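# Structure at a glance
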Amino acid sequence: MRIYNNSFVDPPTVTLVGIPGLEHLHFWIGFPFCLLCLVALLGNVLLLIIIPTERSLHQPMYIFLAVLAATDLGLCAAIAPKMLAIFWFHARTMAFDACLTQLFFIHALQGMESGILLAMAFDRYVAICDPLRHSAILTPTILSRMILVVSVRAVVLVGLLPLLIRRLHFFHTTVIAHSYCEHMAVVKLAAENIQVNKSVGLFVAFTILGFDMIFVLVSYTLIIWTVFHLPQKKARLKALNTCTAHIFVFLEFYVLAFFSFLSHRFGHLTPYTHILLSTIYLLVPPALNPIVYGVKTKEIRVKVLRIFTKKDISLQ
């Protein structure tokens, strides 16, 4: 590794600290995070088994749910192995290119998850506000295009972040005070002007998360307006019941996302508090999503019981 004027030049490796200030607790902190990953793994794998095999679930909402499950699995795979290796085996060194690869996959998968939540909100909007045209609007071709657009948007926009970091050559340090390679944590290592990196990072975050959150809010506002104008109380309750899982997942994802994002840039939290919150933000939604949808969806709940009990349980 070359050093010039007390700066590291094109470092081949970086060092991830984990959770600074809580190094003495790393071994124990690893267990709840590992449990979250195992719950996410089991729940999302079950969804990816159940949805394709259960014909009653071959609907737009559940197709989006299957894509969300695959995204959550990818997110756990991107963050958990290295993080647990840091906590349990003190394996803190990471190749710089591997760090940028992890950065790309984490933020791209976050962007895809946000886009899928927007697509699910649109599906609920059409199902409740224009039910007679639901199947005509959300055709298999349209579903495929929506998923493709969400994926391409995340890959292209997030792809700018590691490319801009690669143009930086001088770094104050190679020690990242984090448990994974987060964009701003890596950018702040640089001993050069990082204004472009900061600006593009904000642009990408608000183009994806900000855009999606606004339109999800608009969708659910229109849904609630339509529901409360339904003539029958039973119809209102039934319509609201189909949205409760989506609203919970939406709040869980976006509240944690923006709290983590804004606290890192503008907040004054202690480093270990921010890193714990940002790690929880990445690992809690993948673990909770299959539980929420499993509890709220009778077909999924019954199929899971059949898998584990081997009994013929009726949907009625």
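You'll find the structure just up there.
Summary of the structure given here. Because the structure is a prediction, the values reported are computed rather than measured.

Each helix and strand counted, the protein has 11 helices and six strands in total. Across the protein, every contact between residues at least 6 apart in sequence was considered, and the portion connecting residues at least 24 apart equals 78%. Element-wise, carbon and sulfur atoms account for 70% of the exposed surface of the protein, whose accessible area totals about 15,600 Å². A gap of 7 Å separates the mean positions of the 24 positive and 14 negative side-chain charges of the protein.

All right, on to the nonpolar core then. Membership of the largest hydrophobic core comes to 94 residues, with the highest contact counts inside it found for Leu 65 and Ile 176. Ranked by residues supplied to this core, first place goes to helix H2 (residues 60-89) with 17 residues. Setting aside residues no more than four positions away along its own chain, Leu 65 makes contact with Leu 47, Ile 51, Met 120, Tyr 293 and Ile 300.

This brings us to the packing of H2 against helix H3 (residues 96-129). Where H2 meets H3, the closest approach of the two axes is 9 Å, and the angle between their N-to-C directions is 160°. When the axis of H2 is compared with that of H3, the two are roughly antiparallel. At the point where H2 passes H3, the crossing takes the left-handed sense. Counted by class, the contact of H2 with H3 contains 17 nonpolar, four polar and five charged residues.

The subject of this paragraph is the state of the cysteines. Counted by the stated rule, this structure contains one disulfide. Of all cysteine sulfurs in the structure, the one in Cys 76 sits closest to Cys 37, which takes part in no disulfide; the separation is 4.9 Å.

This structure, assessed with the given rule, holds 13 aromatic pairs. Arranged with centres 6.0 Å apart and planes meeting at 35°, the rings of Trp 28 and Phe 31 form a pair that is tilted. Of this pair, Trp 28 and Phe 31 both sit in helix H1 (residues 26-53), three residues apart, roughly one helical turn. Assessed through its relative accessible area of 57%, Trp 28 is described here as exposed. Between Phe 250 and Tyr 254 the ring centres are 5.0 Å apart and the planes differ by 55°, which places this aromatic pair in the tilted class. Note that Phe 250 and Tyr 254 are positioned in helix H9 (residues 244-266) at a spacing of four residues, about one turn of the helix. Three or more aromatic residues joined by ring pairs form one cluster here, namely Tyr 220, Phe 250, Phe 253, Tyr 254 and Tyr 281.

Turning next to the sheet that holds strand S4 (residues 93-95). Taken in spatial order, the three strands line up as S4-S3-S6 in an open sheet, and their pairing is mixed. The sheet terminates laterally at S4 and strand S6 (175-176), the two strands that pair on one side only. In this structure, strand S3 (residues 13-16) lies alongside S4, joined through three bridges in antiparallel fashion. Of the residues in S4, the one forming a bridge with Thr 15 is Thr 93. Here H3 sits on the sheet and contacts S3, S4 and S6; the angle it forms with S4, its principal contact strand, is near 85°.

Attention now goes to the pattern of salt bridges. According to the stated counting rule, one finds five salt bridges in the structure shown. Notably, a salt bridge pairs Asp 97 with Arg 166, separated by 3.3 Å at the nearest N-O pair. Of the two residues, Asp 97 is situated in helix H3 and Arg 166 in helix H5 (residues 140-166); the sequence distance between them amounts to 69 residues.

Take H2 next. With 30 residues, H2 should cover 44 Å at 1.5 Å per step; its first-to-last C-alpha distance of 43 Å lies within 8% of that length. Of all the bends found along H2, the most pronounced is centred on Ala 80 and spans about 30°, while Pro 81, a proline, follows it within four residues. Burial of H2 is extensive: 23 of the 30 residues sit out of reach of the surface. Among the residues trailing H2, His 90 stands out with phi positive, at a value near 55°.

Moving on: the environment of Val 295. Looking at the element boundaries, Val 295 is found in helix H10 (residues 271-296). Val 295 sits in the exposed class, given a relative accessible area of 54%. Put simply, Val 295 and Ala 245 are 50 residues apart on the chain and 8.9 Å apart in space, counted from C-alpha to C-alpha.

Further remarks concern a nonpolar patch on the surface. A contiguous nonpolar surface patch, about 620 Å² in accessible area, is contributed by Leu 38, Leu 41, Leu 42, Val 45, Ile 49, Ile 307 and Phe 308. Contributing elements (two or more residues each) for the nonpolar patch: H1 and helix H11 (298-309). The element contributing the most residues to the nonpolar patch is H1, with five residues. Among the secondary structure elements, Leu 38 is positioned in helix H1.

Parameters and conventions
Counting restarts for each chain: residues are numbered from 1 in the order of the written sequence. In keeping with the predicted nature of the model, local features appear solely for residues at pLDDT of at least 70, side-chain atom pairs appear and are counted solely at 80 or more, and the whole-chain, interface and lining totals rest on all residues. Side-chain metrics rest on all non-hydrogen atoms present in the structure, leaving aside hydrogens and water. Helix numbering and strand numbering both begin at the N terminus, where a helix is a DSSP run of H or I of at least 4 residues and a strand a DSSP run of E of at least 2. When checking whether two residues touch, look at their non-hydrogen atoms; a contact exists if any pair is within 4.5 Å. Note on areas: Shrake-Rupley with a 1.4 Å probe; residue coverage comes only from the protein chains shown. Charge counting treats Lys and Arg as positive and Asp and Glu as negative, with His and both chain ends excluded. The location of each charge is read from NZ of Lys, CZ of Arg, CG of Asp or CD of Glu. Only buried residues count toward a nonpolar core. Its members are Ala, Val, Leu, Ile, Met, Phe, Trp, Tyr and Cys residues joined through side-chain atoms within 4.5 Å. Think of it in three bands: with a 1.4 Å probe and only protein chains considered, a residue is buried below 20% of the maximum accessible area for its type, exposed above 50%, and partly exposed in between. A fitted line through C-alpha atoms represents every axis, and for helices the fit uses only the stretch in contact; the resulting angles, taken between N-to-C directions, go from 0 to 180 degrees. An angle counts as roughly parallel when it lies under 35 degrees, as roughly antiparallel when it exceeds 145, as roughly perpendicular when it falls between 65 and 115, and as oblique in every other case. Take the far helix as the reference: if the near one is turned anticlockwise from it by less than a right angle, the crossing is left-handed, and if turned clockwise, right-handed. Throughout, the ten residues Ala, Val, Leu, Ile, Met, Phe, Trp, Tyr, Cys and Pro are labelled nonpolar, Asp, Glu, Lys and Arg are labelled charged, and all others, Gly among them, are labelled polar. Pairs of cysteine sulfur atoms within 2.5 Å are what we label disulfides. Only the six-membered ring of Trp is used, alongside the rings of Phe and Tyr, when aromatic pairs are assigned; centres must lie within 6.5 Å, and planes under 30 degrees apart are stacked while those over 60 apart are edge-to-face, with the rest tilted. Any two strands are treated as partners once DSSP identifies two or more bridges connecting them. We define a salt bridge as a contact between a side-chain nitrogen of Lys or Arg and a carboxyl oxygen of Asp or Glu at a distance within 4 Å. Take the residue count of a helix, subtract one, and multiply by 1.5 Å to get its expected span. Fitting one axis to the seven residues ending at a residue and another to the seven starting there, the bend at that residue is the angle between the two axes. Patch construction takes residues with relative accessible area above 30% that form no salt bridge. Like charges are linked within 9 Å, and nonpolar side chains (Val, Leu, Ile, Met, Phe, Trp, Tyr) are linked within 5 Å.

Read these as layout, nothing more, since geometry by itself doesn't imply function.
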